[in-house]
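Topology and contacts: notes
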Amino acid sequence: SGRIMASAHASLLLVMASAVAALSRPGESGVNFRPPSVPLIVQDPFVSIWSPATNLTDAWPQHWVGAVEGMSGMVLIGKNCYRWMGPASIPSCPKAMQQLGPAIVMATTTVYQFEAEGMVLTARFQTPALLDHLDLLSLPVSFLDLEVESTG
C-alpha cells in the first residue's frame with residue numbers, strides 16, 4: 001500500500017512538472033495558456049475572487065460560483081482617470097488602461113500590466129499559500145502590490 005501510494009505521488013509530481021515545463025518553454029503551445037478564470041484573491045471556498053475575462057477591464061471580478069464581486073481599480077494620470085480593473089460601467093472613470101499582454105498566472109501570484117499616457121502599472125495579486133509556512137497559510141490575507149513607472 002505504501003509503495004503504491006509513493007508511486008502514485010511520483011506519477012502526479014511527474015505530470016505536474018511536465019505541465020509546468022510545457023507552460024514555461026517559450027515558443028511552444030503552452031505559452032499561450034489562459035485558464036478559464038484568472039485567480040485574483042484565493043484563500044478558501046468562501047474568499048475566492050477570479051477574473052472571468054481575458055482583460056481585467058472587460059468584466060467584474062467574480063466569486064468562483066459566479067457572483068459578482070464589485071472590485072474596481074483606478075488610477076489618476078494627470079487629470080485623466082483610468083480603470084485597470086472593472087468594466088466600463090463606472091461613470092466616474094470611463095477610460096480603460098491598455099492591458100499589456102495576458103495575465104501571468106503562477107502558483108501564488110497573478111500579474112497584470114497596463115499602460116496609459118506613458119505610464120506602466122503592474123498589479124500583483126498574491127496569496128501567501130505556502131505549505132512550508134503554516135502560520136502564513138492560516139492567515140486570511142491576500143496582497144495587492146501596485147507598481148507604477150514611466151516609459152519616457
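Please refer to the structure higher up on the page.
**Some thoughts on the state of the cysteines**
One pass over the full model with this rule turns up one disulfide. Note that Cys81 is cross-linked by a disulfide to Cys93, the S-S spacing being 2.1 Å. Of note, the bridge from Cys81 to Cys93 carries an S-S torsion of about -105° and is left-handed in sense. With Cys81 in strand β5 (residues 80-85) and Cys93 in the loop between β5 and β6 (95-96), the pair connects residues that are twelve residues apart, well separated along the chain.

**Here we look at the side chain of Arg83**
Assignment of secondary structure puts Arg83 in strand β5. There is no salt bridge for the buried Arg83, and the closest opposite charge comes from Asp58, which lies 6.9 Å off by N-O distance. At 3.0 Å, the side chain of Arg83 and the backbone oxygen of Cys93 are in polar contact. Looking at Arg83, its side chain comes within polar contact range of the main-chain oxygen of Pro94, at 3.1 Å.

**Quick notes on the environment of Asp44**
Mapping Asp44 onto the fold places it in the loop between β1 (38-42) and β2 (48-51). Take Asp44: its relative accessible area is 32%, and that puts it in the partly exposed class. Separated by 96 residues in sequence, Asp44 and Pro140 place their C-alpha atoms 8.6 Å apart.

**Considering the pattern of salt bridges**
Considering all chains together, one arrives at two salt bridges under this definition. Put simply, Asp145 and Arg124 hold a salt bridge, and the shortest N to O gap is 3.2 Å. Of this pair, Asp145 sits in strand β11 (residues 143-150) while Arg124 is found in strand β10 (residues 119-126), placing the two residues 21 residues apart along the sequence. Judged by its relative accessible area of 34%, Asp145 is partly exposed. Since its relative accessible area comes to 23%, Arg124 is described here as partly exposed. With its nearest N and O atoms 3.5 Å apart, the salt bridge here joins Glu147 to Arg124. Pair noted here: Glu147 is in strand β11 and Arg124 is in strand β10, with a separation of 23 residues, a long-range link. The exposure class of Glu147 is partly exposed, given its relative accessible area of 34%. Salt bridges here are not isolated pairs; linked through shared partners, they connect Arg124, Asp145 and Glu147.

**Concerning the side chain of Thr127**
Along the polypeptide, Thr127 turns up in the loop between β10 and α2 (134-137). Within the local environment of Thr127, its side chain forms a polar contact with the side chain of Ser142, the two groups lying 2.7 Å apart. Ignoring anything within four residues of it in the chain, the contact list for Thr127 reads Ile41, Val42, Gln43, Thr108, Val141 and Ser142.

**So, the pairing of strand β9 (residues 109-116)**
Counting buried positions over the eight residues of β9 gives six, a clear majority of the element. As judged from the two bridges shared by strand β7 (residues 98-99) and β9, these two strands associate in the antiparallel manner. Within the sheet, the bridge partner assigned to Gln98 lies in β9 and is Glu115. Bridge analysis of strand β8 (residues 104-105) against β9 gives two bridges, and the strand direction is antiparallel. Along β9, the bridge assignment pairs Ile104 with Val111. Between the end of β8 and the start of β9, which pair antiparallel, lie three residues. Across eight bridges, the pairing between β9 and β10 is antiparallel. Paired with Ala116 across the bridge in β10 is Met119. With antiparallel pairing between neighbouring strands as the criterion, β9 and β10 make up a hairpin whose turn holds two residues, including Glu117 at a positive phi of roughly 45°.

Parameters and conventions
- Residues numbered from 1 in each chain as written.
- Predicted model: local features only at pLDDT ≥ 70, side-chain atom pairs only at ≥ 80, totals over all residues.
- Heavy atoms only, no water.
- Disulfide = S-S within 2.5 Å.
- Helix = DSSP H or I, 4+ residues; strand = E, 2+ residues; numbered from the N terminus.
- Buried < 20%, exposed > 50% of the residue type's maximum accessible area, 1.4 Å probe, protein only.
- Lys, Arg positive; Asp, Glu negative; His and termini not counted.
- Salt bridge = Lys/Arg side-chain N within 4 Å of Asp/Glu carboxyl O.
- Polar contact = N/O pair within 3.5 Å; in protein donor to acceptor, adjacent residues only side chain to side chain.
- Contact = heavy atoms within 4.5 Å.
- Pairing = 2+ DSSP bridges.

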